[in-house]
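So you can see what is in the structure, the chains are spelled out below.
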Amino acid sequence: MEKVAEILAEAAAEAVEPRFRALATGEVLEKAPGEVVTIADREAEAIIERRLRELLPVPVVGEEAVAADPSLARALHSEPAVWLVDPVDGTSNFVAGRPEYAVMCSLVRTGQTVASWIWQPATATAYRAELGAGAWRDDVRLTRPPAPADAGKLTGILKSRFLDPDHRRRLEANGSAFGAISPGRNAAGIEYPDVVEGRFDFILYWRTLPWDHAPGSLLLTEAGGVAARLDGRPYRPEAPGGEDGLLVAADPATWELARAVLIRD
C-alpha cells in the first residue's frame, strides 16, 4: 500500500506539479469534444504504468491509453488482476490553474476493486483504502458519521452534464428538496473524499468511467458509506459503455433517502 502511494506522489512531482499553472502552448489538446488532455497526463501515466508493472506485472488500464485504444479496457473483464490509473483526475481544473485535481490508482481483482489510492498534490494529502481493511487519510483511519435523517438538511452534488434535458430538469427539480445542492468540483478524486470527510452527504453521477470511480468508491465504502447503481447493485468498475447512474452516499439510510427523492415523478 505504501509503495503505490509513493509511486503516485513521485509521478506527480516529476510530471504534473512542475506544469501546474505553467503549461506551454501546445501542451493542452482536445482528445474528444469538451475533453482535454495535457502533456502532464500522458507523462504521469507513462511513469505510473512502468512503476506499477515493476511492482505487480499485470495489465495497466490507464485513462489516456484507453483514449488511444479503447480495446485496452477489456482487460477489466478478461484478466484476473488489473491496475486502473487516472494520471490527472480533474484535468480541466488543472488546465485552469485550479488546485482541485488528483492522481489516482486502483487494483482490481476479478472485477472488484480491492485497493485504491488518491493523491491530492495541492494539499499533499494521501487517501488509501483496502478491501476489508479500512480507509485512511495519511495515517488517520476514516469513518464516515451518519448524515442527517431529514432530506432538507442533506448536502449533495448532482452531476447532470451527461443527462438528457428532460431527465436533467426532473432531477434538478427534485433536488430542491435537499438542504443544498452543488454542481460538483470537477474531480472525483476531490469529491469522494469530500463525502468521506463529511463535506457532502451524497453525489449522483451519471457517467462512470472506471478510473474515475474505482478509487473513491472503495474509499467511501470502507469508511462506512455506500456506492451503488440506482437499482441497488454495488458499484464495480466496468469498461466504458452504457451509463446507468451511480449514487454514492454517507450511509445506507442516506442512500435510500436520496434515491427516493431524486427519482420520484
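Structural data are supplied above this passage.
The rules behind these values
The numbers attached to residues start from 1 for each chain and follow its sequence in the written order. Local features in this predicted model are restricted to residues of pLDDT 70 or higher, and side-chain atom pairs are both shown and tallied only at a pLDDT of 80 or more, whereas totals for entire chains, interfaces and linings draw on every residue. Derived side-chain values reflect all non-hydrogen atoms in the structure, with water molecules and hydrogen atoms excluded from consideration. Here a helix means four or more residues in a row that DSSP labels H or I, a strand means two or more in a row labelled E, and each is numbered from the N terminus. Expected helix span is given by 1.5 Å per residue-to-residue step, counting one fewer step than there are residues. A simple rule labels every residue: compare its accessible area, found with a 1.4 Å probe on the protein chains alone, to the largest value its type can have, and call it buried under 20%, exposed over 50%, or partly exposed in between. Directions drawn from the helix axis to the C-beta atoms are what define this arc. A contact between two residues is defined here by any heavy atoms of the two lying within 4.5 Å. Within 3.5 Å is the distance limit for a polar contact, defined as a pair of N or O atoms, with the added protein rule that one can donate a hydrogen and the other accept it, and that residues adjacent in sequence qualify only through two side-chain atoms. Working definition: rings of Phe, Tyr and Trp (its six-membered ring) pair if their centres are within 6.5 Å, and the pair is stacked with planes under 30 degrees apart, edge-to-face with planes over 60 apart, and tilted otherwise.

## Quick word on helix H1 (residues 2-16)
Helical geometry note: an α-helix holds 3.6 residues per turn, so side chains three or four residues apart project in the same direction.
So, step 1. Spanning 15 residues, H1 covers 20 Å between terminal C-alpha atoms, matching the ideal 21 Å at 1.5 Å per step.
So, step 2. Within H1, burial applies to Val-4, Ile-7, Leu-8, Ala-11, Ala-12, Ala-15 and Val-16. Down the axis of H1, the buried set is contained in an arc of 130 degrees. They therefore lie on one face.
So, step 3. Looking at the buried side of H1, the elements it contacts are helix H2 (39-55), strand E4 (81-89), helix H5 (91-96), strand E5 (102-109) and strand E6 (112-120).

## Description of unusual backbone geometry
Trans is the prevailing form of peptide bonds, just as negative phi is the prevailing case for residues other than glycine.
So, step 1. Even without being a glycine, Arg-21 presents a positive backbone phi close to 60 degrees.
So, step 2. Counting through the fold element by element, Arg-21 comes out in the loop between H1 and strand E1 (28-32).
So, step 3. Of note, the phi angle at Thr-110 is positive, near 45 degrees, even though the residue is not glycine.
So, step 4. Its location among the elements puts Thr-110 in the loop between E5 and E6.

## Observations regarding the side chain of Arg-229
So, step 1. Examined against the element boundaries, Arg-229 turns out to sit in the loop between strand E13 (226-228) and strand E14 (246-249).
So, step 2. For Arg-229, a relative accessible area of 3% corresponds to the buried category.
So, step 3. At a separation of 3.0 Å, a polar atom in the side chain of Arg-229 contacts the side chain of Thr-208.
So, step 4. The contacts of Arg-229, once residues within four sequence positions are left out, are Thr-208, Tyr-235, Arg-236, Glu-238, Asp-244, Gly-245, Leu-246 and Trp-255.

## Concerning the packing of aromatic side chains
So, step 1. Within the structure shown, the criterion is met by 6 aromatic pairs.
So, step 2. Ring plane angle 40 degrees and centroid distance 5.4 Å describe the contact between Phe-20 and Tyr-101, whose orientation is recorded as tilted. Within this pair, whereas Phe-20 is found in the loop between H1 and E1, its partner Tyr-101 is found in the loop between H5 and E5, the two being separated by 81 residues in sequence.
So, step 3. Measuring from ring centre to ring centre gives 5.0 Å for Phe-94 and Tyr-101, while their planes differ by 75 degrees; the resulting arrangement is edge-to-face. Accessibility classification places Phe-94 together with Tyr-101 in one group, the buried group.

## Considering the environment of Asp-212
So, step 1. Within the fold, Asp-212 resides in helix H8 (residues 210-222).
So, step 2. Sequence separation between Asp-212 and Cys-105 is 107 residues; the distance between their C-alpha atoms is 9.2 Å.
So, step 3. Those residues in contact with Asp-212, other than ones at most four positions away along the chain, are Asp-86, Asp-89, Met-104, Ala-188 and Tyr-192.

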